[in-house]
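Secondary and tertiary structure notes
What follows is the residue order along each chain.
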There are 2 protein chains.
Amino acid sequence: MATLAISIPALRTRCSNCSLRELCLPVGLVPAALAALEAGVQALERRRKGTMLFRVADPFTALYAVRVGSFKTTILAESGREQVVGYHLPGDLLGLDGIGTERHGCSAIALEDSEVCPIPFANLEEIARTVPALQHNLCQFVAREISHDHGVMLLLGSRRADERLASFLVSLSARYFSRGYSSTEFTLRMTREEIGSYLGLSLETVSRLFSRFQVDGVLEVDGRNVRIRDMPALRLLAGRDA
Amino acid sequence: MATLAISIPALRTRCSNCSLRELCLPVGLVPAALAALEAGVQALERRRKGTMLFRVADPFTALYAVRVGSFKTTILAESGREQVVGYHLPGDLLGLDGIGTERHGCSAIALEDSEVCPIPFANLEEIARTVPALQHNLCQFVAREISHDHGVMLLLGSRRADERLASFLVSLSARYFSRGYSSTEFTLRMTREEIGSYLGLSLETVSRLFSRFQVDGVLEVDGRNVRIRDMPALRLLAGRDA
DNA sequence: CGACTAGTTGAGGCCAGTCAATGTTGGTGG
DNA sequence: CCACCAACATTGACTGGCCTCAACTAGTCG
């Protein structure tokens, strides 16, 4: 293609004009710091739907910022059973748990054709040495993941099935909203089985709940297209305890 | 007071001779870095059984290294329901999730009379700027917490009650062992209700399981004193899937 | 068109929660 | 010292929410 000469430089990551700047690692960095970060970030990488970005026990070399598309992260029990532990949208950072052990603790799989910015971790630490704000941001990102996981643990440990699904949808709604999309209408990128795995439920239970929510007038569901019709009711369900 | 002049230096934290050095933040630091870390660490703080070290939404100012005793960390659902999300032994770092939000995301409560080393976070970041190894260690600690939480999520999402309790005991056994204590005989510092809350089970179920494990010859249980009689069986139970 | 994947819905069973009674332990005050 | 109380723990009976198994439909792809 004649456009290739243009598209290659376009492929280079430019944190400074990235639309996700405010959601990603560069949050609040001054221009000089941004430039340093950019210098360490390589070209975008594409991943087709269903392919792996990294897998459990792979050596940890880089973090990945989701640019376009979405990913699930999964962990593997010794038994071979797999569980979804995360659902990642544009602006999210992937692979944070690898920092602790030098190896990835989970696998990341593209849920649709997607693009990520690989951020080599050695570079990142190097830059963080001279840019305290980046060091701070990095730690914050990692720590925020802990808070998030605690929320999921609360969900899995003490909520009923309908409350879990409601929480999942409310949280998803908020995440789409913060990315500039509709908070009431979106397309799920995961199967019922994957949602069930994430929420500690069987796929049949998830399916039944979608039906029930629709009958109750809380949702409009058409396959993976979801429209929230009664947000207060959904919030109530998500926030109440068992 | 004449003794005060003596007791104050005694109370000062000395990472360099701390018996927990290999489990705590100073892991692998060179002497010069250790000295810098020490300089920022304040006097030990004591907490009586049942008292709080910090509570949800408190401003985050410091990390705490457990020196003696044990703590539970709990989070609060909007409904007021409380769930235990962590069980912390000597050498563990408390409060990591506060880094992300400037406020503590959970409460820490002493399960027995305990002592902690408060590590002011502002100091820590300052030191980390000049001691890259410390910056690296800090990030690693935070990230390892994520891996740990993922393990708990797997437990809560896809394991049966007996598998959860077995996993809890195996993990506890390993943690005591790495601290130089017996891996087969220890005293639980949590009530059945707290264990249940951590594992997403009712206190009655936990109690019944302890009884069943005893009947099966896997454990010897006397209140909170536990002796593991058949470690392979316990591991088998912990590692198998539902 | 057949094979396959994803999703929906029904029937039945079991695991674990709830409710309740009782036992045990440790602390407190008369 | 003992009575009393509260917190913790154990055990039984019952129930119900969710899982499992299974059948059927719709959409997709070679």
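Residues numbered from 1 in each chain as written. Chains lettered and ligands numbered in written order. Predicted model: local features only at pLDDT ≥ 70, side-chain atom pairs only at ≥ 80, totals over all residues. Heavy atoms only, no water.

**Details of the protein's contact with DNA strand D**
We apply this condition: Only a single heavy atom is needed: when it lies within 4 Å of a molecule or strand, its residue is near that molecule or strand. Throughout this description, a polar contact denotes any pair of N or O atoms lying within 3.5 Å of each other; where both atoms belong to protein, one of them has to be capable of donating a hydrogen while the other can accept it, and for residues adjacent in sequence the pair is counted only when both atoms sit in side chains. Put simply, DSSP H or I for four residues or longer makes a helix, DSSP E for two residues or longer makes a strand, and each gets a number counted from the N terminus. Charged means Asp, Glu, Lys or Arg here, nonpolar means Ala, Val, Leu, Ile, Met, Phe, Trp, Tyr, Cys or Pro, and polar covers whatever is left, Gly included.
Lining the immediate surroundings of DNA strand D are 16 residues, of which A:Ala161, A:Thr205, B:Arg192, B:Ser207 and B:Ser211 lie closest. Protein-proximal atoms of DNA strand D, defined as those within 4 Å of the protein, fall in sugar or phosphate at a share of 60%. A:Thr205 has a polar side-chain atom sitting 2.3 Å from a phosphate oxygen of DNA strand D. A distance of 3.1 Å separates a base oxygen of DNA strand D from a polar side-chain atom of A:Arg208. Contributing elements (two or more residues each) for the surface near DNA strand D: helix H7 (203-215) of chain A together with helix H7 (203-215) of chain B. Top element by residues in the surface near DNA strand D is H7(B). It accounts for five residues. Here the residues of the surface near DNA strand D sort into three nonpolar, six polar and seven charged.

**Some points on the side chain of A:Ser167**
Formally: When checking whether two residues touch, look at their non-hydrogen atoms; a contact exists if any pair is within 4.5 Å.
Tracing the backbone through its elements, the reader meets A:Ser167 in helix H5 (residues 161-178). If we ignore the near neighbours within four places in the chain, the residues touching A:Ser167 are A:Leu155, A:Arg159 and A:Ala238.

**Some thoughts on the relation of the copies chain B and chain A**
As a reminder, the rule being used: Least squares is the method used to superpose the copies, on C-alpha atoms of residues holding a pLDDT of at least 70 in both.
Screw-axis analysis of chain B against chain A gives a translation of 0.0 Å along the axis, an RMSD of 0.0 Å, and a rotation angle of 180 degrees. Overall, the copies show the geometry of a two-fold rotation axis. When the interface residues of chain B are mapped onto chain A, 98% of them are again interface residues, pointing to one common binding face.

**What about helix H6 (residues 192-199) of chain A?**
All names here are of chain A. Stated formally: Note on exposure labels: buried denotes an accessible area under 20% of the residue type's maximum, exposed denotes more than 50%, and partly exposed covers the range between, all computed with a 1.4 Å probe on protein chains only.
Taking burial as the measure, the eight residues of H6 include six buried ones, the bulk of the element. When we look at burial in H6, the residues that qualify are Glu 194, Ile 195, Gly 196, Ser 197, Tyr 198 and Leu 199. Buried positions along H6 lie against strand S4 (71-76), strand S5 (82-88), helix H4 (132-158), H5 and H7. Gly 200 lies just past H6 and shows a positive phi near 70 degrees.

**A word on the sheet that holds S4(A)**
Residue and element names in this part refer to chain A. Quick reminder of the rule: Should DSSP find at least two bridges between two strands, the strands are regarded as paired. Interaxial angles span 0 to 180 degrees and are taken between N-to-C directions of axes, which are lines fitted to C-alpha atoms, for helices over the stretch in contact.
Ordered in space as S2-S7-S4-S5, the four strands form an open sheet in which the pairing is antiparallel. Looking along the sheet, the strands with just one partner apiece sit at the ends: strand S2 (52-54) and S5. Within this sheet the neighbouring strands show an average axis-to-axis angle of 30 degrees, counted without direction. The strands that H6 touches are S4 and S5; relative to S5, the one it contacts most, it runs at about 95 degrees.

**Section: the sheet that holds strand S6 (residues 93-94) of chain B**
Residues and elements named next belong to chain B. With respect to topology, four strands assemble into an open sheet ordered S1-S8-S3-S6, the strand pairing being antiparallel. Each edge of the open sheet is held by one strand with a lone partner, namely strand S1 (45-47) and S6. With three bridges connecting them, S1 and strand S8 (residues 114-120) associate as antiparallel partners. Residue pairing across strands places Arg 46 opposite Glu 115, the latter belonging to S8. In this fold helix H3 (residues 121-130) packs onto strand S3 (62-68) and S8, with an angle of close to 55 degrees to the strand it touches most, S8.

**Comments concerning the interface of chain B and chain A**
Defined as follows: The buried area of a pairing is the accessible area, by a 1.4 Å probe, that goes missing from both parts when the two are put together, added over both. Salt bridge, as applied in this entry: a Lys or Arg side-chain nitrogen positioned within 4 Å of an Asp or Glu carboxyl oxygen.
Across the contact, 41 residues belong to chain B and 40 residues belong to chain A. The contact between chain B and chain A buries some 4,200 Å² in all, and 61% of this surface belongs to carbon and sulfur atoms. The largest contributions to the chain B side of the interface with chain A come from B:Gln135, B:His150 and B:Met153, which together make up 15% of the buried area. Applying the counting rule to chain B against chain A returns zero salt bridges. Our count for the chain B to chain A interface comes out at 14 residue pairs in polar contact (both at pLDDT 80 or more). Mapped onto the side of chain B that touches chain A, the elements with two or more residues apiece are strand S5 (82-88), H3 and helix H4 (132-158) of chain B. If you tally residues by element for the side of chain B that touches chain A, the top one is H4(B), at 20 residues. For the side of chain B that touches chain A, the class distribution of residues is 16 nonpolar, 13 polar and 12 charged.

**Topic: the protein's contact with DNA strand C**
Lining the immediate surroundings of DNA strand C are 16 residues, of which A:Ser207, A:Arg208, A:Ser211, B:Ala161 and B:Thr205 lie closest. Backbone atoms, meaning sugar plus phosphate, form 55% of the atoms of DNA strand C positioned within 4 Å of the protein. One nitrogen or oxygen atom from the side chain of A:Arg224 is found 2.9 Å from a phosphate oxygen belonging to DNA strand C. Here B:Arg208 contributes a side-chain N or O atom positioned 3.0 Å from a base oxygen of DNA strand C. Contributing elements (two or more residues each) for the surface near DNA strand C: H7 of chain A together with H7 of chain B. Grouping the amino acids of the surface near DNA strand C by side-chain chemistry returns three nonpolar, six polar and seven charged.

**Quick look at the packing of helix H5 (residues 161-178) of chain B against helix H6 (residues 192-199) of chain B**
All names here are of chain B. Using the following cut-off: Throughout this description, any angle smaller than 35 degrees is read as roughly parallel, any larger than 145 degrees as roughly antiparallel, any in the 65 to 115 degree range as roughly perpendicular, and the remainder as oblique.
For the pair H5 and H6, interaxial distance at closest approach is 10 Å and the crossing angle is 105 degrees. When the axis of H5 is compared with that of H6, the two are roughly perpendicular. Facing H5, whose interface residues are Arg 164, Leu 165 and Phe 168, H6 presents Ile 195, Tyr 198 and Leu 199. A class-by-class count of the residues in the contact of H5 with H6 yields five nonpolar, no polar and one charged.

**Quick notes on H4(B)**
Test applied: In this scheme, a helix's expected span is set at 1.5 Å multiplied by one less than its residue total.
Compared with an ideal rise of 1.5 Å per residue, which puts 27 residues at 39 Å, H4(B) spans 39 Å between its outermost C-alpha atoms and is within 8% of the ideal. The buried fraction of H4(B) is high, at 20 of 27 residues.

**Describing unusual backbone geometry**
Here the phi dihedral of A:Glu102 falls at roughly 70 degrees; this positive angle occurs in a residue that is not glycine. Examined against the element boundaries, A:Glu102 turns out to sit in the loop between strand S6 (93-94) and strand S7 (107-110).

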